[in-house]
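Results of the structural survey
In case you want the letters, here they are:
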Amino acid sequence: MYTYVLNIMSDDHPGIIAAVTSAAETLGANIESCSQTVLGGFFTLIMIVNLPEEMPAEKLREHVLNQTAHACQVDISVRQTTRGELTVKQSERFVLTAFGNDQPGVVCRFSEYLADHEMNILDMYGCRQKNADGEVQFLLTAQVEIPSKWNLAMLQCDLQNIGADLNFTVVLQHENIFIATNRVRFR
């Protein structure tokens, strides 16, 4: 098996996933995992696929573009990878939630802190919305892997201090607690 990562973007409309997966299927591809979202009217999809035969990444890209042209116009990048590159170190998963008055730099501040402490962001969602008083709020939720070497109480304190600087409420919960209390599942 030969493994490829496909990253697809398009203006959002029905049928994109059907067109892309049909194009992959014509090559005998098996989808190992995928994640898709729509943000601001733009569709994005990332897939890891296994092909029975090796092909240059550019040839796979052209194949998907040609096979989907009748249904949609997509931008696509393709990278061949190995199983070793896809291996993720085992860490505890946590959910970081931060919310407060919208302002520039919120995502940057939290993501820089996480990066500086070797915490990998697996999934992230941020959005602006008005509260009952008509103020524009920003909500950031991120699923992160935290290496076991870190003291969680210290991390929570640091994140709450960042939140205090931004006038944000910040909560860091183990993924299992977040799921149990919110009945939500991450991919």
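**As for helix α6 (residues 175–182)**
Of the positions making up α6, those classed as buried are Glu175, Phe178 and Ile179. An end-on view of α6 places all buried positions within 95 degrees of arc, on one side of the element. Relative to its buried face, α6 has exposed residues pointing more than 90 degrees away, namely Asn176, Ala180 and Thr181. Those residues of α6 hidden inside the fold are in contact with β5 (92–101), β7 (136–146) and β8 (168–174).

**Considerations on the pattern of salt bridges**
Inspection of the entire model under this criterion finds 6 salt bridges. For Arg61, the salt bridge is made with Glu62, and the minimal N-O distance between the two is 2.9 Å. The salt bridge involving Lys149 is made with Glu118; its shortest N-O contact spans 2.9 Å. Here Lys149 is found in the loop between β7 and α5 (152–166), whereas its partner Glu118 is found in the loop between α4 (106–116) and β6 (120–130), with 31 residues between them in sequence. When salt bridges that share partners are traced, they join Glu58, Arg61 and Glu62 into one network.

**Digging into the pairing of strand β3 (residues 42–51)**
Among the 10 residues that make up β3, 7 are buried, leaving the element largely enclosed by the rest of the structure. Here 10 bridges tie strand β1 (residues 2–11) to β3, and the two strands are oriented antiparallel to one another. Within β3, the residue paired with Asn7 across the bridge is Ile46. Pairing between strand β2 (residues 30–39) and β3: 9 bridges, direction antiparallel. Among the inter-strand pairings, Ser35 is bridged to a residue of β3, identified as Ile46. The loop that links β2 with its antiparallel partner β3 comprises 2 residues; one of these, Gly40, has a positive phi angle of about 55 degrees.

**Quick notes on the sheet that holds β3**
Reading across the sheet, the 4 strands line up as β2-β3-β1-β4 and stay open at both edges, with antiparallel pairing between neighbours. If you trace the sheet from one side to the other, it starts and ends with β2 and β4 (75–81), each paired once. Taken over all neighbouring pairs, the strand axes of this sheet differ in orientation by 10 degrees on average, direction set aside. Strands β1, β2 and β3 of the sheet are contacted by helix α1 (residues 16–25), whose axis makes an angle of about 20 degrees with β3. Here helix α2 (residues 57–68) sits on the sheet in contact with β1, β3 and β4, set at roughly 145 degrees to β4.

**Quick word on the nonpolar core**
By size, the foremost hydrophobic cluster in this structure holds 22 residues, and its most contacted members are Tyr4, Leu6, Ile8, Leu60 and Ile76. For this core, the secondary-structure elements that each account for two or more residues are β1, α1, β3, α2 and β4. Sequence-distant contacts of Leu60, that is, excluding residues within four places in its chain, are made with Tyr4, Leu6, Leu27, Leu51, Met55 and Val78. Listed in part, the 20 residues of the second largest apolar core include Val106, Phe138, Ile162 and Leu166.

About the criteria used
Residues numbered from 1 in each chain as written. Predicted model: local features only at pLDDT ≥ 70, side-chain atom pairs only at ≥ 80, totals over all residues. Heavy atoms only, no water. Buried < 20%, exposed > 50% of the residue type's maximum accessible area, 1.4 Å probe, protein only. Helix = DSSP H or I, 4+ residues; strand = E, 2+ residues; numbered from the N terminus. Arc of directions from axis to C-beta. Contact = heavy atoms within 4.5 Å. Salt bridge = Lys/Arg side-chain N within 4 Å of Asp/Glu carboxyl O. Pairing = 2+ DSSP bridges. Axes fitted to C-alpha atoms, helices over the stretch in contact; angles between N-to-C directions. Core = buried A, V, L, I, M, F, W, Y, C linked by side-chain atoms within 4.5 Å.

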